[in-house]
Amino acid sequence: MGHALRRFDARVLELMAHSAEAPLALSHLAARDQVGAAHVHITRHLGLRGSRLTELAERAGMSKQAMGDLVDQCAAWGLVRREPDPLDARAKRIVFTPAGLDWLHAFRQAVQQAEAEFRAQVGANVATVVALGLEAYADGDEP
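Let me sum up the structure you'll find in this document.

Taken as a whole, this structure holds 1 cavity of 30 Å³ or more when the rule is applied. Of the volumes computed, that of the largest cavity is approximately 30 Å³. As for the largest cavity, its lining consists of Leu26, Val35, His39, Cys74, Trp77, Leu79 and Trp103. Among the residues making up the lining of the largest cavity, the classes are represented as 6 nonpolar, 1 polar and no charged.

Listed as buried for helix α2 (residues 24-31) are Leu26, Ser27, Leu29 and Ala30. The arc that holds the buried residues of α2, viewed along the axis, is 155°, so those residues lie on one side. Across from the buried face of α2, at angles greater than 90 degrees, the exposed residues are Leu24 and Ala25. Once α2 finishes, Asp33 follows within two positions and takes phi at roughly 60°, a positive value.

Moving on to the packing of helix α4 (residues 53-60) against helix α5 (residues 64-76). Interhelical geometry of α4 versus α5 gives an angle of 105° and a closest axis separation of 9 Å. When the axes of α4 and α5 are compared, the pair comes out roughly perpendicular. Contacts from Leu53, Thr54, Leu56, Ala57 and Ala60 in α4 reach Lys64, Met67, Gly68 and Val71 in α5. Classifying every residue of the contact of α4 with α5 gives 6 nonpolar, 2 polar and 1 charged.

Formed by 32 residues in total, the largest nonpolar core has its most connected members in Ile42, Met67, Val71, Val80 and Trp103. When residues of this core are traced back to their parent elements, those giving at least two are α1 (2-17), α2, α3 (37-45), α4, α5, β3 (88-96) and α6 (98-122). For this core, the element with the highest residue contribution is α6, accounting for 7 residues. Among residues more than four places away in sequence, those in contact with Ile42 are Leu56, Met67, Leu70, Val71, Cys74, Val80 and Phe96.

Procedures and definitions
- Residues numbered from 1 in each chain as written.
- Predicted model: local features only at pLDDT ≥ 70, side-chain atom pairs only at ≥ 80, totals over all residues.
- Heavy atoms only, no water.
- 1 Å grid on protein atoms, 1.4 Å probe; cavity = no way out; pocket = protein on both sides within 12 Å on 5 of 7 lines; lining within 4 Å.
- Points joined across faces, edges and corners; volume = space filled by probe spheres on them.
- Nonpolar A, V, L, I, M, F, W, Y, C, P; charged D, E, K, R; others polar.
- Buried < 20%, exposed > 50% of the residue type's maximum accessible area, 1.4 Å probe, protein only.
- Helix = DSSP H or I, 4+ residues; strand = E, 2+ residues; numbered from the N terminus.
- Arc of directions from axis to C-beta.
- Axes fitted to C-alpha atoms, helices over the stretch in contact; angles between N-to-C directions.
- Parallel < 35°, antiparallel > 145°, perpendicular 65-115°, else oblique.
- Contact = heavy atoms within 4.5 Å.
- Core = buried A, V, L, I, M, F, W, Y, C linked by side-chain atoms within 4.5 Å.

Function cannot be inferred from these measures alone, as they are strictly geometric.
And the structure:
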C-alpha cells in the first residue's frame, strides 16, 4: 500500500507541475521536484479556515517540529501564512494564501485526474472495491 500511495502522490505532483490552474511559481517548484509528499500533507490536511500547527501535525502524522519546518517552507513559497488565532491570542493559525487556495484547487483537480487514471487502469469494479476497502480500513481508526 505504501508503494501505491507514493505512486499516486507522485502522479498528482506530476500533474500539478503541468497544471495551468496552479500558481506558476509553485508549479515550477513541483516540476523541479522541490515539492514532495510532505508538502502534500499541508494541502491535504490544512482546513479551509486554517488550522493550528499542532492540529495540522496530528492530522498529517508528523511531529510538531517537522510540520513547523514544512509550514515555514510553504510560507516562504507564498502557499500559507500564519495569522493570530481568534480563539486564543497566544496561538497562531496556519491559513492558505490566495495563491495557496489556487494550489489547493489545482491539487483537487490533479487528485480527480489521478483517480480517473487509476479507475481506467484497473477497471471500475476493482476501483470500487479498493475504495470501499480503504474506507473500511480508515473507519477502523475511529472509536
